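Spelled out from the first residue to the last, the chains are:
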Amino acid sequence: MSCQMAESFRPHPLHRAASVSYKGRKPASPQASATGRANSRKSNTQCELALRQALWAAGYRYRKNVADLPGRPDVVFLRARVAVFVDGDFWHGRDWENRRQKLQAGSNPNYWIAKIQRNMERDREIASRLESMGWTVLRFWESEVRSSSMEVVLKIGAALTLALDKDRDLP
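Keep in mind that this is a model prediction, so the values were computed, not measured.

(A) Inspection of the pattern of salt bridges at higher detail. A complete count under the given rule lists seven salt bridges for this structure. Put simply, Arg118 and Glu125 hold a salt bridge, and the shortest N to O gap is 3.4 Å. Glu125 sits in the partly exposed class, given a relative accessible area of 32%. Two residues, Asp123 and Arg139, come together in a salt bridge whose shortest N-O distance is 3.8 Å. In this pair, Asp123 is assigned in helix α4 (residues 109-132) and Arg139 in strand β5 (residues 136-141), connecting sequence segments 16 residues apart.

Written out as structure tokens, the structure is:
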């Protein structure tokens, strides 16, 4: 199980639009909504566990789900000020244009499109807030972690080295 970088040094490839809202839109049914929430883990997903296991095996020590940082990053390296997020392909809009077309043809498209667009917008807002606080933000897609967790570990390692080197260069 592995992942690759989700274009981690740049935000999701979405056009900057007015704030998206799905207020007033309704899920297909209360039961469908409850089932969806119950089946969608917020933390400790298989992908996150695989990445953390690979990081630990490579000798990296980290904190997980740090609540006092914006967005509650999945993996945090406090000294280097590096925050890592593992984004679900569906919920965070991977390959958005194709996914949007599929959602448009499916059930309750207005709700789902608005919901995922808002998630993507929130991802950008959180990354911006963290960066303004001096953090390096890395985002990886769940499918990338599954396909190549060691590549992701190498990219995180490179970011950690860079961040710690910058810290040493400060007067």
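(B) Fine view of the packing of helix α3 (residues 96-104) against α4. Here α3 crosses α4 at 155°, and the two axes come no closer than 8 Å. In terms of their interaxial angle, α3 and α4 are classed as roughly antiparallel. Together, Trp96, Arg100, Leu103 and Gln104 of α3 and Pro109, Trp112, Ile113, Ile116, Gln117 and Met120 of α4 make up the contact between the two elements. Considering only residue class, the contact of α3 with α4 consists of seven nonpolar, two polar and one charged.

The rules behind each value
- Residues numbered from 1 in each chain as written.
- Predicted model: local features only at pLDDT ≥ 70, side-chain atom pairs only at ≥ 80, totals over all residues.
- Heavy atoms only, no water.
- Salt bridge = Lys/Arg side-chain N within 4 Å of Asp/Glu carboxyl O.
- Buried < 20%, exposed > 50% of the residue type's maximum accessible area, 1.4 Å probe, protein only.
- Helix = DSSP H or I, 4+ residues; strand = E, 2+ residues; numbered from the N terminus.
- Axes fitted to C-alpha atoms, helices over the stretch in contact; angles between N-to-C directions.
- Parallel < 35°, antiparallel > 145°, perpendicular 65-115°, else oblique.
- Contact = heavy atoms within 4.5 Å.
- Nonpolar A, V, L, I, M, F, W, Y, C, P; charged D, E, K, R; others polar.

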